[in-house]
Amino acid sequence: MDTEALRSFVRAAELGQFQQAADELGVTQQAVSKRIAALERELEARLFSRTVRGIELTLDGQAFLPHARSIVAGVERAITAVRPRGRALRIDVLGLRCAQAVVLHDYWRSHPEINLDVVTLRANDPRVAVAAVEAGDVDASFRSVTDPSTLPPDLQMIHAFDSPLELLVGPRHPLASARSLTPQQLRKHRIWVPGIAPRSEWAEFYDQLATHFDLRIDAAGPHFGDEVLLDALADSADVATLVGARDRYIWPTNYDLRRIPVVNPTLAYPLSLILPRTNPHPGLRGIIAHLESLPSLPETAWRPSWATSPRPGTNAQ
């Protein structure tokens, strides 16, 4: 079966337009149409139907798509296995200021020779990231599937590291002068975490955290970005938020915001790495070794029930 025809089919299905698929693949629309027509003849099935907006998958096309994605991803991984420097290592992170990006940046500074492409899929649902890894659009994703049984059999999810949480407050907040805080001291204080998305891993994290420690976590209102959140904290005497210890935030000096560690127990946000079970990108070996070298959490740490366990011999807990 022609792998270029399969690649054309997958991209056309994902983009909904033959022309967009052709532009991305660097060929003409006629070439894409011919490849897919040949594929339909070989399968003896119609894969697309035309609409006023472009194309839509038929039922046969919908059934064929996941298998075609798997084949295309397998071919790309096979090529990478013998030509590891032929393509950048693409890793998805939640955001470029998040702990995952900071850790990757630290690794890259020590290994500037690595051809690394850090991307953000901008999707709240981890299933989107899973599909991207399975399709070969990214080589790995720093996401967590809270029910590992739903992970496709050709993918695996491993423990990456745990991110200790800190309380971020403005100078007029009643807890602003504390050098550290326990979860019990956070009770009855409003912890504002705007933009908690349904089906996201962090929605389940905050739900378990609030229930376990009887915390008042407020997700009210849309999330207009970190800058707006920092503005609100600087002006408020009663609003706080939670951030990861490695997360990168920058604010004007006159805001005088304070990051206060939460201890006894440390509240740990678990981060996992989703990657192919077989033939992963060779560049991932160094990344995984770097993750295993990160400092341990204190023994008194709280993690949600769905957190993946560190592998034996690693430093992370």
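Values in this document were obtained by computation on a predicted structure and should not be read as measured data.

Rules used in this analysis
Counting from 1, residues in each chain are numbered in the order their sequence is written. Residues qualify for local features only when their pLDDT is at least 70, as the model is predicted, and side-chain atom pairs are given and counted only at 80 or more; totals for whole chains, interfaces and linings, by contrast, use all residues. Note: side-chain values were computed over all heavy atoms of the structure, leaving out hydrogens and water. Cavities and pockets are defined on a 1 Å grid built over the protein atoms alone: a cavity is a set of grid points where a 1.4 Å probe fits but cannot escape, while a pocket is an open set with protein on both sides within 12 Å along at least five of seven lines, and lining residues are those with an atom within 4 Å of any such point. Grid points are joined across faces, edges and corners, and a volume is the space filled by probe spheres set on the points. Each helix corresponds to a stretch of at least 4 residues labelled H or I by DSSP, and each strand to a stretch of at least 2 residues labelled E; elements are numbered beginning at the N terminus. Here the nonpolar group is Ala, Val, Leu, Ile, Met, Phe, Trp, Tyr, Cys and Pro; Asp, Glu, Lys and Arg are the charged ones; every other residue, Gly included, is treated as polar. Helix axes are fitted only over the stretch in contact, all axes being lines through C-alpha atoms; the angle between N-to-C directions runs from 0 to 180 degrees. Each angle is binned into one of four classes, with values under 35 degrees roughly parallel, values over 145 roughly antiparallel, values of 65 to 115 roughly perpendicular, and all other values oblique. By definition, turning the near helix anticlockwise from the far helix through less than a right angle yields a left-handed crossing, and turning it clockwise yields a right-handed one. Any two residues having at least one pair of non-hydrogen atoms within 4.5 Å are treated as being in contact. Pairing of aromatic side chains here covers Phe, Tyr and the six-membered ring of Trp, requires ring centres within 6.5 Å, and sorts the geometry by plane angle: under 30 degrees stacked, over 60 edge-to-face, intermediate tilted. Partly exposed residues are those whose accessible area sits between 20% and 50% of the maximum for their type, while under 20% is buried and over 50% is exposed, using a 1.4 Å probe and protein chains only. Counting rule applied: Lys, Arg positive; Asp, Glu negative; His and chain ends not counted. Any carboxyl oxygen of Asp or Glu within 4 Å of a side-chain nitrogen of Lys or Arg constitutes a salt bridge here. Directions from the helix axis toward the C-beta atoms define the arc.

By volume, the largest pocket amounts to about 1000 Å³. Taken together, 32 residues line the largest pocket, and the ones lying closest to its centre are L94, C98, H223, D226 and Y249. Every element with two or more residues in the lining of the largest pocket is listed here: helix 5 (99-110), strand 6 (155-169), helix 8 (201-213), helix 9 (226-235), strand 9 (239-244) and strand 11 (266-276). The element contributing the most residues to the lining of the largest pocket is strand 9, with 4 residues. Class assignment of the residues belonging to the lining of the largest pocket gives a composition of 18 nonpolar, 9 polar and 5 charged.

Bringing empty space enclosed by the protein into the picture now. If you walk through the whole model with that rule in mind, you get 4 cavities of 30 Å³ or more. In this structure, the largest cavity encloses a volume near 60 Å³. Every residue lining the largest cavity is listed: A73, E76, R77, R87, V133, G136, V138, D139, P276, P280 and H281. Examining the composition of the lining of the largest cavity, we find that 3 residues originate from one element, helix 4 (residues 59-82), more than from any other. Of the residues assigned to the lining of the largest cavity, the class counts are 5 nonpolar, 2 polar and 4 charged.

Moving on: the packing of helix 5 against helix 10 (residues 284-292). In helix packing, the relevant descriptors are the interaxial angle and the interaxial distance, both defined with respect to the helix axes. Viewed as axis vectors pointing N to C, helix 5 and helix 10 meet at an angle of 110°, and their least axial separation amounts to 11 Å. The angle between helix 5 and helix 10 falls in the class roughly perpendicular. The hand of the helix 5/helix 10 crossing is right-handed. Across from V103, L104, D106 and Y107 in helix 5, the residues of helix 10 making contact are G286, I287, H290 and L291. A breakdown of the residues in the contact of helix 5 with helix 10 according to their chemical character gives 5 nonpolar, 2 polar and 1 charged.

Under the criterion given, the structure shown has 8 aromatic pairs. Ring geometry for F9 versus F64: centroids 5.4 Å apart, planes at 45°, classification tilted. Here F64 lies in helix 4 and F9 lies in helix 1 (residues 3-15), a separation of 55 residues in the sequence. Accessibility classification places F9 together with F64 in one group, the buried group. Between F205 and Y206 the ring centres are 5.3 Å apart and the planes differ by 80°, which places this aromatic pair in the edge-to-face class. These aromatic residues form a ring-pair network of at least three members: F205, Y206, F213, Y269 and W302.

A word on the packing of helix 1 against helix 2 (residues 18-25). One can describe the packing of helix 1 onto helix 2 by two numbers: an axis separation of 8 Å at closest approach and a directional angle of 125°. The orientation of helix 1 with respect to helix 2, classified from their angle, is oblique. In this structure, helix 1 meets helix 2 at a crossing whose hand is right-handed. For the pair formed by helix 1 and helix 2, the contact residues are R7, S8, R11, A12 and L15 on the first element and F18, Q20, A21, E24 and L25 on the second. When the residues that make up the contact of helix 1 with helix 2 are grouped by side-chain class, the tally is 5 nonpolar, 2 polar and 3 charged.

Looking now at the side chain of E201. Inspection of the secondary structure assignment puts E201 in helix 8. The side chain of E201 sits in the buried core without any salt bridge; R143 is the nearest counter-charge, 5.3 Å away. In contact with E201, not counting residues within four places along its chain, are P126, R143, S144, T146, Y269 and W306.

Here the focus is helix 6 (residues 126-135). Note on helix geometry: an α-helix contains 3.6 residues per turn, so any two residues three or four positions apart are oriented the same way. Among the residues of helix 6, those classed as buried are P126, A129, V130, A132, V133 and A135. Once helix 6 ends, the next one or two residues include G136, with phi positive near 85°.

Our next topic: helix 2. For helix 2, the full list of buried residues reads F18, A21 and A22. Taken around the axis of helix 2, the buried residues stretch over an arc of 100°, which confines them to a single face. On the buried face of helix 2, the contacting elements are helix 1, helix 3 (29-43), strand 1 (48-51) and strand 2 (54-57). Once helix 2 ends, the next one or two residues include G26, with phi positive near 75°.

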